[in-house]
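# Chain and residue survey
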Amino acid sequence: MTETAVAEQTTRPAGPAASHLSLRIEGMTCASCVGRVEKSLKAVPGVSAAAVNLATERAEVTFAGAPDASLLVAAVEKAGYEVASDTIELAIEGMTCASCVSRVEKALKAVPGVRAASVNLATGRAQVEVLRGSAGPGELVAAVERTGYGARLREAGVPQADREAAARAAEQRALGRSLVIATIFTLPIFVLEMGSHLVPGMHEVLMDGLGDQGLYLLSFMLATVVQFGPGLRFYQKGVPSLLRGAPDMNSLVVLGTSAAYGYSLVATFAPQVLPEGTVNVYYEAAAVIVTLILLGRYLEAKSRGRTSEAIRHLMTLQPKTARVERDGRAIEVPLEEVRVGDLVLVRPGERVPVDGDVVEGSSFVDESMITGEPVPVQKGEGTAVVGGTVNKTGSFTLRATKVGADTVLAQIIRMVEAAQGAKLPIQALVDRVTAWFVPAVMAVAAATFVVWLVFGPDPALTFALVNAVAVLIIACPCAMGLATPTSIMVGTGRAAEMGVLFRQGDALQSLRDVGVVALDKTGTLTRGRPELTDFVAAGGFDRSEILALVAAVEARSEHPIAEAIVAAARAEGLTLAAVERFEGVPGHGAEARVAGRDIAVGADRFMATLGLDVAPFAAVAQRLADEGKTPLYAAVDGRLAAVVAVADAIKPSTPEAIASLHALGLKVAMITGDNRRTAEAIARRLGIDEVMAEVLPEGKVAALKRLRAGGRRVAFVGDGINDAPALAEADVGIAIGTGTDIAIESADVVLMSGDLRNVPNAIALSQSVIRNIRENLFWAFVYNVVLIPLAAGALYPAWGLLLSPIVAAGAMAFSSIFVVGNALRLRRFRPPMRAEAGARPAAVAGQAA
């Protein structure tokens, strides 16, 4: 049994070198519980004392040093109790590279009570798991601000689309303004410097008009505006990072541009302190570097804004207002003021504001944004409607059942956001590298300066400065930091457009490694309800007449097979006559008199007791058996009249989906409670590789463990109703269902429609996303491995080639833009199968990439 525990934490001094931690634990019922918890807590390294009180449900723990909440939580959970935690989401401002991410994560994890922290550079968000009642948003925001970044609490519920869009637009506008100013003041310096070398006679004109010192002073004034105007943003972030001993990308820019600017300053105003032959200015390098990096940041910001378009499209599906009945009249109120139980009026052409049940009126509602089904669904009194769907023709009134963060659309958005903010296992390598990357670059730059100063040709100081600056500028941890999260953002957004929701971000990687796809039969491979599949009348009998007579008899029965026959007859518009007498024969069938005729329906053994030979239908019965169906027979007035088969029909999309899974190189298994003969007949029809038949619901977990033999990774696809244990046990659990099934907690992936073809689509997308991430990481790592030595002058001894700091700045900017641009290619991902003929992409209602 799982007990729920609620952790509350306070930290206070317990002595000169000790600290105290208080945990509130629920679920303890007796003194033995207390003993187990105390014993577990005392075994934690660093704990000097622990006392547990059953009445207050509180554990008081004293540490001999700094408290480690995570160790205590692990000890309590190991004892059989749980410490609940809350997830707080922060919006982080000012991060520019992977080093920033590392520092913010480290600061958050250092806050007492924080169990885990994950920061995403692409989204600018941090998800922090804290012990309930311990660290609040205030402490977390303060911890982030102490590292030099901004932070604010992101509100729960439906995201504030307008505010976030405005924030992104403001960031782009600020970068755009800085870029324009930098360009205006950099261009004259660049023209003066490059023109002197490229335009014949220009150098002489400048020397005659201004002279060296005049040119130096003009360049100084222009470069100073760039350096401490638009370039001030680099100092505001980079200098504090340097002083804290945790340099980031901004620090590299500050060091590089300041070195070029500072050297030029000395050459301009105190040239006598420099060695002879080294008096040169590099104002144009400093200014152009700042301008190019701003250009890169601006383009990157625009590109990164496009990575979350799926979320923005989802947000636009939610109306901003609703028409609610208040005090006997309809008034329009902001959506956030709608409450559960309110009566909401929906007119033709409007989007349904919240989830609810229709209480008056009727209409057809387009639910393609949820299910992918293109045909509008009829809604009448008592039926449920989902917020965000489109009312087509009529008008109706609904009673709100879910509002705000509880609506289906809000859950979809939260799932997509959670997946976009996740870290995949592949990110671990990046985290290890970026932890030491910037300090390593600074060390390489310093070594470059020393080597060129000692061994370089004259003017050695100039060569040393230029190459060291090139090393500082060309290094790009930004690309490494963006390589994984941008691909995840675009990939999960594209998945949402396809009607595939990744509840767990790491399922993107896990799904790619799956070797076996195990499918539940009922509701997954099949429609999940019995249907009349075959009705073959004997010679001399009219099919419609016999079907109407048999359905009249079965209308008296509550058996699912009987319901399927009756439903088929009514679907064909047949009229069912009154039954004069009815007698059910348990285990055999039923007899009745209908419209003056004696009707008998049942299995072959029932026909035998009536003295009827079913041999004339032997060929049909064999075919039905081969298809996994059990035939029933109908007799009219003592004559064999028809053979009938009712089965849980295979979904039309199932054969295509299985063929597509095979095309992806995967094995397909079926898990079912059917008898082996029926199961194997279905498997033969569909081309399924492995069959696990006669499996009870509680035996599905054991079946999955058997499928894992040999180290195979298994994805389980179920309808999300009775399959929760199997969905949780599988390496990847895929819940297949419609609209309201999105809240299935056990699954890693949720398919919005019941179309099995989205399973190979999801796997193909997973493969594409991981391939895209590998491409990004390859570029990011190779870029630095190749270009840093080049910037240091590795090619100079053999070929006399050096890399200008200006070229280095351009290459650095291009690196980040390349990674984001490559990730954006996933927006054009085309699934191998179209899940719904003519359907608009699910969840985004047509916002395909």
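As the structure is a prediction and not an experimental result, all values here were calculated from the model.

## Points about a nonpolar patch on the surface
A cluster of nonpolar residues, V450, V451, L453, V454 and F455, forms a patch on the protein surface that exposes about 490 Å² of accessible area. Among the secondary structure elements, V450 is positioned in helix α14 (residues 427-455).

## Quick look at the packing of aromatic side chains
Scanning all chains against the criterion turns up 14 aromatic pairs. When the centroid spacing of 5.4 Å and the interplanar angle of 35 degrees are considered together, the rings of F228 and Y235 count as tilted. Ring geometry for W452 and Y796: centres 5.2 Å apart, planes at 65 degrees, overall edge-to-face. In this pair, W452 sits in helix α14 while Y796 sits in helix α28 (residues 796-799), placing the two residues 344 residues apart along the sequence. With a relative accessible area of 8%, W452 lands in the buried category. Judged by its relative accessible area of 26%, Y796 falls in the partly exposed class. Aromatic rings pair up to connect F220, F228, Y235, Y261, F269 and Y283 into one cluster.

## Here's the deal with the environment of V644
Within the secondary structure, V644 is located in strand β25 (residues 639-650). For V644, a relative accessible area of 1% puts it in the buried group. Put simply, V644 and K629 are 15 residues apart on the chain and 9.8 Å apart in space, counted from C-alpha to C-alpha. Here V644 is in contact with L532, D534, F535, I565, T630, P631 and L632, once residues within four sequence places are set aside.

## Considerations on the layout of surface pockets
Once rolled over the atoms, a probe with the size of a water molecule shows which space is left empty. In this structure, the second largest pocket spans a volume of roughly 860 Å³. Forming the boundary of the second largest pocket are 38 residues, of which H559, I561, T630, L632 and V646 lie nearest the centre. With five residues, the top contributor of residues to the lining of the second largest pocket is β25. Residues that form the lining of the second largest pocket fall into these classes: 16 nonpolar, 12 polar and 10 charged.

## Details of the packing of helix α23 (residues 654-663) against helix α27 (residues 758-792)
Look at α23 against α27: their axes get within 8 Å of each other, and the N-to-C directions meet at 25 degrees. It follows from the interaxial angle that α23 and α27 lie roughly parallel. Mapping the contact onto sequence places A657, S660 and L661 in α23 and V759, P760 and I763 in α27. Considering only residue class, the contact of α23 with α27 consists of five nonpolar, one polar and no charged.

## Considerations on helix α15 (residues 460-474)
In an α-helix, one turn spans 3.6 residues, which is why side chains three or four residues apart end up on the same side. Counted at 1.5 Å a residue, the expected span for α15 with its 15 residues is 21 Å, and the 21 Å between its end C-alpha atoms agrees. When you tally the buried positions in α15, you get 14 out of 15 residues, the bulk of the element.

## Some words on the confidence of the model for the chain
Counting all residues, the mean pLDDT for the chain is 82, and 86% of those residues have values of 70 or more. Considering only residues more than four positions removed or in separate chains, one finds that residues 836-849, a stretch of pLDDT under 50, has 50 contacts.

The rules behind each value
Residues numbered from 1 in each chain as written. Predicted model: local features only at pLDDT ≥ 70, side-chain atom pairs only at ≥ 80, totals over all residues. Heavy atoms only, no water. Patch = residues over 30% accessible without salt bridge, like charges linked within 9 Å, V, L, I, M, F, W, Y side chains within 5 Å. Areas by Shrake-Rupley, 256 points an atom, 1.4 Å probe, with all protein chains shown as cover. Salt bridge = Lys/Arg side-chain N within 4 Å of Asp/Glu carboxyl O. Helix = DSSP H or I, 4+ residues; strand = E, 2+ residues; numbered from the N terminus. Phe/Tyr/Trp six-rings, centres within 6.5 Å; stacked < 30°, edge-to-face > 60°. Buried < 20%, exposed > 50% of the residue type's maximum accessible area, 1.4 Å probe, protein only. Contact = heavy atoms within 4.5 Å. 1 Å grid on protein atoms, 1.4 Å probe; cavity = no way out; pocket = protein on both sides within 12 Å on 5 of 7 lines; lining within 4 Å. Points joined across faces, edges and corners; volume = space filled by probe spheres on them. Nonpolar A, V, L, I, M, F, W, Y, C, P; charged D, E, K, R; others polar. Axes fitted to C-alpha atoms, helices over the stretch in contact; angles between N-to-C directions. Parallel < 35°, antiparallel > 145°, perpendicular 65-115°, else oblique. Expected span 1.5 Å × (residues − 1). pLDDT = per-residue confidence, 0-100.

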